[in-house]
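# Summary of structural features
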Amino acid sequence: MSSTFESAVHFNMRLPELFCGFTRAPGEAPIAYPVACLPQAWSAGSAFMLMQACLGLEIDGWDGEIHVTRPRLPIGIDTLTLRHLGVGTRKVDLTFQRVGDRVVAFLAERHEGLVPLVVRT
């Protein structure tokens, strides 16, 4: 996830359609694949899927619950807030925050009790 974010920053938040594994030295910028289209809709969406997997986030719209399992944040990001996260018919703000070597998840104070948040570590 950290490398994908680094690549997105380098390519002005426009992810290419593929990565091929060109080697680079630490501290060097990612190398663009010469014939890759930039951006590609599916590659832009992949960042959200990676983030969902990294955060261990699942939304149960039928039961109106949020499930978080062993959340992690990418290197260099200590707090991440998802605003207006749809859970069934409700929308909430969900924050992930690094606390020591763990990542905690909590609803914005104004949204506490609006939907159940189930966190598994």
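Scope of this entry: the structure provided in the associated data block. Residue positions within a chain follow its written sequence, with the count starting from 1. At least 70 in pLDDT is required for a residue's local features to be given in this predicted model, at least 80 for side-chain atom pairs to be given and counted, and no such filter applies to totals for whole chains, interfaces and linings, which use all residues. Computation of side-chain values covers all heavy atoms of the structure but excludes hydrogens and water.

## Examining the pairing of strand β4 (residues 90-99)
Here is the rule: Any two strands are treated as partners once DSSP identifies two or more bridges connecting them. A run of H or I in DSSP becomes a helix once it reaches four residues, and a run of E becomes a strand once it reaches two; helices and strands are each numbered from the N terminus.
The pairing of strand β3 (residues 79-87) with β4 spans 7 bridges and is classified as antiparallel. Bridge assignment links T79 to a residue of β4, and that residue is Q97. Where β4 folds back on strand β5 (residues 102-107), the antiparallel hairpin that results is connected by 2 residues, among which G100 adopts a positive phi of roughly 65°.

## With respect to the sheet that holds β4
Where we set the bar: Lines fitted to the C-alpha atoms define the axes, with helices restricted to the stretch that makes contact. Angles between their N-to-C directions range from 0 to 180 degrees.
Taken in spatial order, the 3 strands of this open sheet run β3-β4-β5, and their pairing is antiparallel. On the outer flanks of this sheet lie β3 and β5, each paired with one strand and no other. Across the sheet, the mean angle separating the axes of adjacent strands is 25° when strand polarity is ignored.

## Here we look at helix α1 (residues 2-10)
To keep things clear, this is the line we draw: Note on exposure labels: buried denotes an accessible area under 20% of the residue type's maximum, exposed denotes more than 50%, and partly exposed covers the range between, all computed with a 1.4 Å probe on protein chains only. Of all possible arcs, the one meant is that of the directions from the helix axis to the C-beta atoms.
Buried within α1 we find T4, S7 and A8. When α1 is viewed along its axis, its buried side chains cluster within an angular range of 100° and face the same direction. The positive-phi residue at the C-terminal boundary of α1 is N12, with phi of around 55°.

## A look at unusual backbone geometry
Of note in this structure, R70 is not a glycine but carries a positive phi near 45°. Within the secondary structure, R70 sits in the loop between β2 (65-69) and β3. Phi at H84 takes a positive value of approximately 60°, unusual for a residue other than glycine. Tracing the backbone through its elements, the reader meets H84 in strand β3.

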